[in-house]
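Structural overview
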Amino acid sequence: QHKKHQFQHTLAILSMPSTSTDRIANEAILNKAVQHTRKLSVVLRCQGRTSPSLARLRRYVGEVYSTLWDVAMATGDPDFCDVVVYPQNLPNAAPESWIDNAPDLDSVCSHDSICGWVSESAMGRGLQFQTRLGDGQGGLDAHVMAMNADREYRNLPPVVAVHVDPWPKGASAEWQAQNGVVFLDDEDDDEDDNNSHSQGGQTANGWNGDFPNGNNNDDVDDDSCGLIGGARISTECLFDNVAVGGTFDGMHYGHRKLLTLAVSSVNPRSGKLMIGVTVDDMLRHKSYKEEIPNIKERMDGAREFVYRLAPGIKNRVKLRAIADEYGPPGTVEQGANFDALVLSHETLDNGHKLNEYRKNVLGLEPLALLCTRRTEPHGMSSTALRRRRWEQQQRKSASNTSKERSTSQ
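As the structure is a prediction and not an experimental result, all values here were calculated from the model. (Residues numbered from 1 in each chain as written. Predicted model: local features only at pLDDT ≥ 70, side-chain atom pairs only at ≥ 80, totals over all residues. Heavy atoms only, no water.)

Some thoughts on the pattern of salt bridges
- Applying the stated criterion to the full structure yields 10 salt bridges.
- Note that R23 and E63 form a salt bridge whose closest N and O atoms lie 3.0 Å from each other. Taken together, the residues R23 in helix α1 (residues 20-34) and E63 in helix α2 (residues 54-75) connect sequence positions 40 residues apart.
- Of the residues examined, E63 reaches a relative accessible area of 24% and is grouped as partly exposed.
- With a shortest N-O distance of 2.7 Å, D280 and R298 are connected by a salt bridge. Residue D280 is found in the loop between β10 (272-278) and α8 (295-309), and its partner R298 is found in helix α8; the two are separated by 18 residues along the sequence.
- Residue classification places R298 among the buried positions, given a relative accessible area of 2%.
- Several salt bridges converge on common partners, so that one network encompasses K296, D300 and R303. (Salt bridge = Lys/Arg side-chain N within 4 Å of Asp/Glu carboxyl O. Helix = DSSP H or I, 4+ residues; strand = E, 2+ residues; numbered from the N terminus. Buried < 20%, exposed > 50% of the residue type's maximum accessible area, 1.4 Å probe, protein only.)

The structure is reproduced here in structure tokens:
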């Protein structure tokens with residue numbers, strides 16, 4: 001059965017990323033576009049003062065196609081839409097203006113932070129609106145108006161704007177700057193930072209350089225953590241009491257990445273790490289819940305991985321069963337002991353709620369939210385793994401039933 005799509009041909013406009021915030025913005029646009037169209041043209045704008053290298057541009061094209069494949073697997077649609085990615089600076093690739101005038105084009109999906117326009121003509125795009133969200137005539141709606149002015153002149157049907165709503169917090173540099181979010185995946189002094197299209201005029205990772213609790217770990221001397229294994233480690237990236245939480249069902253690669261980044265945020269000299277593991281009773285609503293290992297197995301899996309990864313701090317790692325929304329960082333007794341929380345961009349809302357609770361109810365300082373971009377959320381997930389285990393069990397049961405019938409005949 002063919003899925004009925006809202007649009008026939010959608011233009012998705014992305015920007016060449018230099019930060020995790022940029023990548024999350026692009027992924028949000030792709031997720032929205034894929035769900036509603038049969039045909040997708042993805043324009044990758046190379047904006048900013050410094051153009052990316054050809055090799056970097058090629059690498060990101062591959063990343064875009066990987067993201068699209070992950071989204072396609074989630075939709076379950078066997079007739080996934082026809083996609084072409086058009087990097088603007090890639091030799092021989094068609095320009096954006098060529099796609100703007102496609103006769104079958106009927107929609108444009110992007111965000112105000114990427115589309116900046118200064119006139120009623122499609123040739124009037126400018127950089128001045130790209131860091132001024134919603135100001136003047138900049139933004140997606142103005143972009144579409146300008147396109148339609150040109151399309152009307154060419155006797156082409158109009159297109160409509162497709163907005164991503166809600167816009168993810170992981171894609172909003174302004175929100176991140178206001179709430180103490182730091183992306184662990186980003187370089188502080190990345191040579192490509194000037195390429196970022198992030199909103200709000202903050203640093204590329206949306207952070208103004210100060211942690212919300214004022215603790216920059218300045219008392220840690222450079223000898224203890226200046227260079228570790230050849231990597232230069234800024235003391236501002238290290239914390240004394242770090243928390244991280246999850247179900248840790250199956251310990252897939254996403255879990256391993258999250259725990260690795262949590263370990264990397266702990267002061268090597270004296271820092272501590274608390275790993276919260278959700279209790280069984282809080283997982284009753286999960287899909288394929290019968291495939292979820294009990295909490296002892298899940299805690300053992302997380303412990304085994306962290307002890308193998310960082311044997312030198314195993315005596316400073318504690319695992320705790322989490323039976324409520326906030327865990328130890330949200331309690332009067334233990335809340336003051338924590339200064340940072342490691343989480344993925346998909347759970348930033350939870351981190352923000354915890355910080356609001358700490359400030360408004362407990363009277364505690366907010367935690368630094370140390371964030372990582374969640375990649376391949378559909379293919380690399382606990383739900384996908386549980387579904388595979390369930391399907392394998394169903395096939396095994398069906399095979400056994402067939403064998404029993406054959407034997408009885």
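Concerning the nonpolar core
- Ranked by size, the top nonpolar core spans 57 residues in total, and within it L11, I29, L40, V42, V64, L68 and V108 carry the most contacts.
- Looking at which element gives the most residues to this core, the answer is α1, with seven residues.
- Those residues in contact with V64 that lie beyond four places of it in its chain are L14, L30, V42 and V85.
- L258, M299, V306 and V342 belong to the second largest nonpolar core, which has 28 residues in total. (Core = buried A, V, L, I, M, F, W, Y, C linked by side-chain atoms within 4.5 Å. Contact = heavy atoms within 4.5 Å.)

Quick look at the confidence of the model for the protein chain
- For the protein chain, mean pLDDT is 78; residues scoring 70 or higher make up 69% of the total.
- Note that pLDDT drops below 50 for residues 118-136; the model gives that stretch 39 contacts with residues more than four away or on any other chain.
- Considering only residues more than four positions removed or in separate chains, one finds that residues 189-231, a stretch of pLDDT under 50, has 107 contacts. (pLDDT = per-residue confidence, 0-100.)

A look at unusual backbone geometry
- Put simply, D165 and P166 share a cis peptide bond, and its omega is 5°.
- Mapped onto the secondary structure, P166 falls in the loop between β5 (160-163) and α5 (173-178).
- At N155, a residue that is not glycine, the phi angle is positive and equals roughly 60°.
- Relative to the helices and strands, N155 resides in the loop between α4 (140-153) and β5.
- Although it is not a glycine, F248 adopts a positive phi angle of roughly 55°.
- In this structure, F248 sits in the loop between β9 (241-246) and α7 (253-264).

Comments concerning the pairing of β9
- In this structure, β9 lies alongside β10, joined through six bridges in parallel fashion. Residue pairing across strands places G246 opposite V277, the latter belonging to β10. (Pairing = 2+ DSSP bridges.)

Quick word on the sheet that holds β10
- Spatially, six strands are ordered β6-β13-β12-β9-β10-β11 in an open sheet, and the strand pairing comes out parallel. Only two strands of the sheet have a single partner each, and these edge strands are β6 (181-183) and β11 (317-322). For this sheet the average axis-to-axis angle between neighbouring strands, irrespective of direction, equals 25°. (Axes fitted to C-alpha atoms, helices over the stretch in contact; angles between N-to-C directions.)

Comments concerning the sheet that holds strand β1 (residues 7-15)
- Strands sit in the order β3-β2-β1-β4-β5 across an open sheet of five strands; the sheet is parallel. Looking at strand neighbours, the two that pair on one side only are β3 (82-87) and β5, the edges of this open sheet. The mean angle between the axes of side-by-side strands here comes to 25°, regardless of whether they run parallel or antiparallel.
- With eight bridges connecting them, β1 and strand β2 (residues 37-45) associate as parallel partners. Residue pairing in the sheet places I13 in a bridge with V43 of β2.

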